[in-house]
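Listed below, chain by chain, are the residues.
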Amino acid sequence: MADQAEVVFVDGVRTPFGKAGDKGMYWNTRADDLVVKAIVGLLERNPNIPKDRIDDVAIAATTQTGDQGLTLGRTAAILAGLPKTVPGFSIDRMCAGAMTAAAMMSGSIGFGMYDIAIAGGVEHMGHHPMGSGVDPNPRFLSERLVGEDALVMGATAERIHDRFPQLTKERSDRFALASQQKTAAAYAAGKIQQDLVPVAIRTEEGWGLATRDEVMRPETTLEGLAALKTPFRPHGRITAGNASGLNDGATAAILASGAAAKEFGLSPKMKLVSYAFAGVDPEIMGIGPIPATEKALRKAGLSIEDIGIFEMNEAFAVQVLSFMDHYGIADDDARVNPWGGAIAVGHPLASSGVRLMNQLASQFTERPDVRYGITSMCVGLGQGGTMVWENPNYDKKAKKA
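Residues numbered from 1 in each chain as written. Predicted model: local features only at pLDDT ≥ 70, side-chain atom pairs only at ≥ 80, totals over all residues. Heavy atoms only, no water.

Let's shift gears to unusual backbone geometry. Even without a glycine there, the phi angle at L70 is positive, about 60 degrees. With respect to the helices, strands and loops of the structure, L70 is situated in the loop between β3 (56–60) and α2 (72–79). Residue L70 is classed as exposed on the basis of its relative accessible area, which comes to 70%. Although it is not a glycine, T71 adopts a positive phi angle of roughly 45 degrees. Within the secondary structure, T71 is located in the loop between β3 and α2. (Helix = DSSP H or I, 4+ residues; strand = E, 2+ residues; numbered from the N terminus. Buried < 20%, exposed > 50% of the residue type's maximum accessible area, 1.4 Å probe, protein only.)

Turning our eyes to something else, we now look at the packing of helix α5 (residues 153–163) against helix α10 (residues 317–326). Remark: α5 packs on α10, axes separated minimally by 9 Å, with the N-to-C direction vectors making an angle of 40 degrees. For the element pair α5 / α10, the angle class is oblique. The two elements α5 and α10 cross, and the hand of that crossing is left-handed. Between α5 and α10, the residues in contact are A157, I160 and H161 and V318, Q319 and S322, respectively. (Axes fitted to C-alpha atoms, helices over the stretch in contact; angles between N-to-C directions. Parallel < 35°, antiparallel > 145°, perpendicular 65-115°, else oblique. Left-handed = near helix turned anticlockwise from the far one by under 90°. Contact = heavy atoms within 4.5 Å.)

Let us look at the pairing of strand β12 (residues 383–390). The buried fraction of β12 is high, at seven of eight residues. As paired elements, strand β9 (residues 270–279) and β12 share eight bridges and run antiparallel to each other. Looking at the pairing, A278 lines up with G384 of β12. Direction of pairing for strand β11 (residues 372–379) relative to β12: antiparallel, over a ladder of eight bridges. Considered in β12, the bridge of I374 is made with V388. Counted along the chain from β11 to the antiparallel partner β12, the turn is three residues long, and its residue L381 has a positive phi close to 65 degrees. (Pairing = 2+ DSSP bridges.)

Time to look at the packing of aromatic side chains. Think of a pair of aromatic rings as described by two things: how far the centres are apart, and how the planes are tilted against each other in angle. Under the defined criterion, the tally for this structure stands at four aromatic pairs. Between F9 and W389, the ring centres sit 5.9 Å apart and the planes meet at 75 degrees, which makes this aromatic pair edge-to-face. Of this pair, F9 sits in strand β1 (residues 7–14) while W389 is found in strand β12, placing the two residues 380 residues apart along the sequence. Lying across the ring of F17, R14 places its NZ or CZ 4.4 Å from the centre. Over the aromatic face of F277 sits the side chain of R93, whose NZ or CZ is 3.9 Å from the ring centroid. (Phe/Tyr/Trp six-rings, centres within 6.5 Å; stacked < 30°, edge-to-face > 60°. Lys NZ or Arg CZ within 6 Å of the ring centre and 35° of its normal.)

Here, the residues flagged by UniProt with the feature "domain: Thiolase C-terminal" (unreviewed entry) are residues 267–390. Between the first and last C-alpha atoms of residues 267–390 the distance is 14 Å; the span itself is 33% helix and 26% strand. (UniProt positions renumbered as here; feature names shortened; annotations may be inferred.)

Right, let's get into the domain arrangement of the protein. Along its sequence, the protein is organised into domain 1 (7–127 + 245–271) and domain 2 (147–192 + 273–388). Its C-alpha centre places domain 1 at a distance of 22 Å from the equivalent point of domain 2. Across the domain 1/domain 2 interface, buried area totals approximately 2700 Å², and carbon plus sulfur atoms make up 73% of it. Along the contact surface separating domain 1 from domain 2 lie zero salt bridges. Here domain 1 is connected to domain 2 by eight residue pairs in polar contact (both at pLDDT 80 or more). (Domains from an automatic or database assignment. Buried area = accessible area lost by both parts, 1.4 Å probe. Salt bridge = Lys/Arg side-chain N within 4 Å of Asp/Glu carboxyl O. Polar contact = N/O pair within 3.5 Å; in protein donor to acceptor, adjacent residues only side chain to side chain.)

What UniProt calls "domain: Thiolase N-terminal" (unreviewed entry) maps, in this numbering, to residues 7–257. Taken end to end, residues 7–257 has its terminal C-alpha atoms 5 Å apart, with 31% of it in helix and 20% in strand.

This paragraph deals with the packing of helix α9 (residues 289–300) against α10. Here α9 crosses α10 at 45 degrees, and the two axes come no closer than 9 Å. In terms of orientation, α9 lies oblique with respect to α10. Counted together, P289, I290, T293 and E294 of α9 and Q319, S322, F323 and H326 of α10 form the full contact between these two elements. When grouped by side-chain class, the residues that make up the contact of α9 with α10 number three nonpolar, four polar and one charged. (Nonpolar A, V, L, I, M, F, W, Y, C, P; charged D, E, K, R; others polar.)

Turning our eyes to something else, we now look at the state of the cysteines. Counting across every chain of the model gives zero disulfides. You can see C95 has no disulfide; the closest cysteine sulfur is in C378, sitting 6.0 Å from it. (Disulfide = S-S within 2.5 Å.)

This is the structure:
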């Protein structure tokens, strides 16, 4: 039996995230071409890695059909120019698809079976709306295994508001506004663009180049957010302003053993400490990150006080706020999503996990005072996922940035 190997996050990229639908910038772009573009960009940034030494390619998609089907990890690997000796597969854990791909590849590296792997995800929600083509087993409802609205993500978010009355709509709107403002500031400082791979796009006006996220709304105001409709119930609290939208985009990351990183002269951006997934009631799926984080911290021998940066997926503002309340973290704590999140840049379901890792890795390089960070997200059908990472640049004598 192999000894456990050190697992490191070498690098990660993503395409700019687009707005789903026929008005979005990727309407005429295939889903598989998006993830191929991400993989090619990732490999171009890391020319020291021999392509034939990549052990596997795991690519996630939630709706695995059409241009998101056909064992996407394998087909994307071939289309990206990897040798045909490199295998690949597809994976689905809804919103946590790319996170699960990274976790599974990390497990294989940690066990000593893989040296280098690519993990990522894609979701073209314009071509494949969430839930399209699915046929849920009638037993779910006939045997009352789940509630009727368990598959309606907005309805599950409304239930978090119901369960925790202190999580008001005003708090959600303020959190959403902060996400837009922090993302705008990060863009202005050039922090987001460093991990974006430009994508050629075809529109009615002709060919162009996607170089930034399409859905950001830096002009957002609290007054504007307060006036938005609540589509999931009358007089509800979830709106298009305090939730992520429907988006298209892809991500890809390189994970490696510490030994392989040394062999090829790579500079790891993060070291994996632990990961965990957990289940909760599907009707209130947004609280999934709480038990997943508790589990991951326990596995790591750490406490929440050890975490210096939290990259939380903002499926809904209330979902992140429920996590923060659970751990006694203030709504405006600077450790949480310092560069904003999915409410501003978008959430193409299965791709988002690696976006969180990219941002945490980039922040680690700027913050030698921070030793540990987490990436965490809620998952449809009542799940949560969390990965704990260590900063290889950590210096306990460093002062806070």
